[in-house]
Amino acid sequence: MTDLAVHTPDAAPQDAPVLLLVGSGYRPYREYILAAVSKHYRLWLLDSAEATWQLAYCAGATRVDTRDAEAVREAALAVADSLPVVGVFTYDETQVVFCARLAQDLGLPGSPPEAVTNCRDKAATRAALAAAGVPQPASRTVATAEEALAAAEEIGYPVIVKARAMAASFGVVRADGPGDVAAAFATADGTEFMNLPRYPENVLVEEFLTGPEISVDAVVHDGRVMPTVIAHKRLGPEPYFEETGHDVDARDPLLADEELLDQLGRIHRALGFVSGATHSEFKLTPAGPRLVEVNARLGGDLIPYLGLLATGVDPTVAAAHVAAGREPDLTPKHRRAAAVRFLLPEGRCRTVEVVVHRDRFGPTIHETGTTAEPGDELALPPAAFLTRYAHVIAVGDDLDQVVADLREPERLVELRADVLPG
């Protein structure tokens, strides 16, 4: 369930160009994208599940196993044979490489598949940036716990141990000393998420970067990298890196930071990424910005929605425009602050109910969403990742007020649950 402010849009006209949308995602976090983009393009959805809520925003849908690249390609060609398809659009991490190949096959805008692979594979990212001389943390690719220990000893503690091809901070662990490495490797190597690939050398051991962490969403048109949202990240309990919130300020001085923007451009050039949307994560270290990772898609966690609330410019529509080969207009309509908090359980439990206390809302609370139903089992990493029960969004003219109103989000949306053993 969600209270996200999504409404059935004024649909694009019947003669509007068509975007192939591959995968639709989890409704509470993704419906706003379909609602926005369908005002500008007719969407034809290719997805593994039968379309339901998506049909309010789509001109049509084809049910096809999105794990079968050839089946998706045939379905896409069938649509392109009868409709004016102008682009391939996805925000699904599991589909980005295939969609780049599909766009290439159809002669549609996009970055080369090799560039998208350079983003998807974190080891390939590091290799490309090293070859281009872009500053980044020390990184080693390993296949065993013994190799991970040797890499950690070489780099120096603490280190980050993470899976090479995962997403959403799944399986990312900090190891503070030799005794932590084996368990961290097992967590990283054993993590699975949405059928993302495994590699023979499946784990990265990397230098631990100090400083605040941010993400930069951008759209790229004809090689020009244009930031749309900078979000300051909040993290859950250590030693894991589960994201619990993001703060966005349209007046953020980082939007004009020459060093950050220079690195952002150099990173995209090194990876060969010339068209599409990206979500890059940086640590603001004492030595300057250092890339954590770059993803060839829109940011998750409602970050583009926060960007829209903060500036009046929709990053999801901008991403759709570049997918269609159009340069978007990113001129802000206003400059506000927006933030989200994701609510996690205190431990392993079974949901009884989630209660929204509107009488406790501060002046900037904008909306809430619940993502746990009665009977759902929730847990914290490493037992489970992304088992949130709700989120709260605040919007206002002053970031300090927004942050203050979100200081105790669990008082605003309360989880009532039965504690489970373990």
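Values in this document were obtained by computation on a predicted structure and should not be read as measured data.

Colleague: Would you explain the side chain of T285 in this entry?
Modeller: Structurally, T285 can be placed in strand β12 (residues 276-285). Overall, the relative accessible area of 14% leaves T285 in the buried class. Non-local contacts of T285, meaning those with residues more than four positions away in its chain, are made with L209, T210 and R290.

Colleague: Whenever I open this one, the nonpolar core confuses me. Can you help?
Modeller: Burial of nonpolar side chains together is a common tendency in soluble globular proteins. Grouped together as the largest cluster of nonpolar side chains are 42 residues, with contacts concentrated most on L19, L34, V37, F89, L302 and I393. No other element matches helix α1 (residues 27-37), which puts six residues into this core. Membership of the second largest hydrophobic core comes to 22 residues, among which are L254, I267, L271 and L291.

Colleague: What's the story with the sheet that holds strand β15 (residues 349-356) in this structure? I'm lost.
Modeller: In any sheet, the strands associate via hydrogen bonds between backbone groups, in a parallel or an antiparallel arrangement. Taken together, three strands build an open sheet; the order of strands is β17-β15-β19 and the sheet is antiparallel. Only two strands of the sheet have a single partner each, and these edge strands are β17 (377-378) and β19 (413-419).

Colleague: For this particular structure, what's the right way to read α1?
Modeller: Every α-helix winds through 3.6 residues per turn, so residues three or four apart in the chain are directed the same way. Within α1, ten of the eleven residues are buried, which leaves it mostly tucked inside the rest of the structure. Every buried residue belonging to α1 is among P28, Y29, R30, E31, Y32, I33, L34, A35, A36 and V37, and all of these are buried.

Colleague: What am I meant to see in the packing of helix α6 (residues 145-155) against helix α7 (residues 178-190) here?
Modeller: Between two packed helices, the angle of one axis relative to the other and the distance separating the axes together describe the packing. Across the interface, α6 lies against α7 with an axial gap of 9 Å and an inter-helix angle of 135°. Between α6 and α7, the interaxial angle falls into the category oblique. When the axes of α6 and α7 are compared, the crossing they make is right-handed. On α7, the residues that touch A145, A148, L149, A152 and E153 of α6 are P178, V181, A182 and F185. Each residue belonging to the contact of α6 with α7 can be placed in one class, and the counts come to eight nonpolar, no polar and one charged.

Colleague: I keep staring at the sheet that holds strand β8 (residues 203-207) and nothing clicks. Help me out?
Modeller: An order of β5-β8-β6-β7 is seen for the four strands of this open sheet, with the pairing classed as antiparallel. Each having just a single partner strand, β5 (139-142) and β7 (173-175) make up the two edges of the open sheet. Neighbouring strand axes in the sheet, compared pairwise and without regard to direction, differ in orientation by 25° on average. As judged from the three bridges shared by strand β6 (residues 159-163) and β7, these two strands associate in the antiparallel manner. Counterpart to V161 in the pairing with β7 is V173.

Colleague: Whenever I open this one, the layout of surface pockets confuses me. Can you help?
Modeller: Any empty space left between atoms is shown by rolling a water-sized probe over those atoms. For the second largest pocket, the calculated volume is near 450 Å³. Elements with a minimum of two residues in the lining of the second largest pocket: β14 (337-343), α12 (409-412) and β19. Counting residues per element, the lining of the second largest pocket draws most heavily on β19, which supplies four residues. Of the residues contributing to the lining of the second largest pocket, the split by class is 13 nonpolar, three polar and five charged.

Colleague: Hey, could you run me through empty space enclosed by the protein in this one?
Modeller: For the structure on display, the rule yields two cavities of 30 Å³ or more. By volume, the largest cavity amounts to about 280 Å³. Only β4 (85-89), α3 (96-106), β12 and α10 (315-323) provide two or more residues apiece to the lining of the largest cavity. Ranked by residues supplied to the lining of the largest cavity, first place goes to α3 with four residues. Together, K122, T125, R126, K162, L204, E206, L291, V292, E293 and V294 line the second largest cavity. At the level of secondary structure, the elements contributing two or more residues to the lining of the second largest cavity comprise α5 (122-132), β8 and β13 (288-295). Here the lining of the second largest cavity gets four residues from one element, more than from any other, and that element is β13.

Colleague: Looking at this model, I keep getting lost on the environment of A231. Mind explaining?
Modeller: Here A231 lies in strand β10 (residues 224-235). Distance from A231 to D249, taken between C-alpha atoms, is 7.7 Å for residues 18 residues apart in sequence. Apart from residues no more than four positions distant in its own chain, A231 is found in contact with E213, I214, S215, H246, D247, V248 and I303.

Colleague: Quick question: what am I supposed to make of unusual backbone geometry here?
Modeller: Among all residues save glycine, negative phi is the norm, and among peptide bonds the norm is trans. Between Y157 and the following residue, P158, the backbone shows a cis peptide bond with an omega angle of -5°. Following the sequence through the fold, P158 ends up in the loop between α6 and β6. With a phi angle near 55°, D301 is a residue other than glycine that sits in the positive phi range. Along the chain, D301 falls in the loop between β13 and α9 (303-311). The backbone of L302 sits at a positive phi, close to 65°, despite the residue not being glycine. Residue placement: L302 occurs in the loop between β13 and α9. Of the residues examined, L302 reaches a relative accessible area of 0% and is grouped as buried.

Colleague: I keep staring at the packing of aromatic side chains and nothing clicks. Help me out?
Modeller: We describe a pair of aromatic rings using the distance from one ring centre to the other and the angle between the two ring planes. In this structure the tally under the stated criterion is four aromatic pairs. Aromatic pair Y26 and Y29: ring centres 5.4 Å apart, planes at 85°, arrangement edge-to-face. Their ring planes at 70° and their centres at 5.8 Å tell us that Y29 and F342 sit as a pair that is edge-to-face. Placement of the pair is Y29 in helix α1 and F342 in strand β14, with a sequence separation of 313 residues. In textbook terms, an aromatic cluster arises when at least three aromatic residues are bridged by ring pairs, as seen for Y26, Y29 and F342. Sitting over the face of the ring of F208, R174 holds its NZ or CZ atom 5.7 Å from the ring centroid. The aromatic ring of F342 is capped on one face by R388, whose charged end is 3.8 Å from the ring centroid.

About the cut-offs
- The residue numbering used here restarts from 1 in each chain and proceeds along that chain's sequence as written.
- Owing to the predicted nature of the model, reporting of local features is limited to residues with pLDDT of at least 70; listing and counting of side-chain atom pairs is limited to 80 or more, with chain, interface and lining totals taken over all residues.
- The basis for the side-chain values is all heavy atoms of the structure; hydrogens and waters are excluded.
- By the criteria applied, helices consist of DSSP H or I runs no shorter than four residues and strands consist of E runs no shorter than two, each listed in order from the N terminus.
- Here the term buried applies to any residue with accessible area under 20% of the maximum for its type, exposed to any over 50%, and partly exposed to those in between, with areas from a 1.4 Å probe on protein chains only.
- Whether two residues are in contact is decided by their heavy atoms, any of which lying within 4.5 Å being enough.
- We call a set of buried residues a nonpolar core when its members are Ala, Val, Leu, Ile, Met, Phe, Trp, Tyr or Cys and they connect through side-chain atoms within 4.5 Å of each other.
- One requirement defines pairing of two strands: DSSP has to find at least two bridges between them.
- In this analysis an axis means a line fitted to C-alpha atoms, helices contributing only their contacting stretch, and an angle means the value between N-to-C directions, from 0 to 180 degrees.
- Any angle from 65 to 115 degrees is called roughly perpendicular, while one under 35 is roughly parallel, one over 145 is roughly antiparallel, and all others are oblique.
- The crossing is said to be left-handed when, going from far helix to near helix, the turn is anticlockwise and less than a right angle, and right-handed when the turn is clockwise.
- Under the grouping applied here, Gly and all other residues not named as nonpolar or charged are polar, the nonpolar ones being Ala, Val, Leu, Ile, Met, Phe, Trp, Tyr, Cys and Pro and the charged ones Asp, Glu, Lys and Arg.
- Using a 1 Å grid laid over the protein atoms alone, points where a 1.4 Å probe fits but cannot get out form a cavity; open sets with protein on both sides within 12 Å along at least 5 of 7 lines form a pocket; any residue with an atom within 4 Å of a point counts as lining.
- Grid points are joined across faces, edges and corners, and a volume is the space filled by probe spheres set on the points.
- Aromatic pairs are defined between Phe, Tyr and Trp rings, using the six-membered ring for Trp, whenever the two ring centres lie within 6.5 Å; interplanar angles under 30 degrees are classed as stacked, those over 60 as edge-to-face, and all others as tilted.
- In this scheme, the term charge over a ring applies when either NZ of a lysine or CZ of an arginine sits within 6 Å of the ring centre and within 35 degrees of the ring normal.

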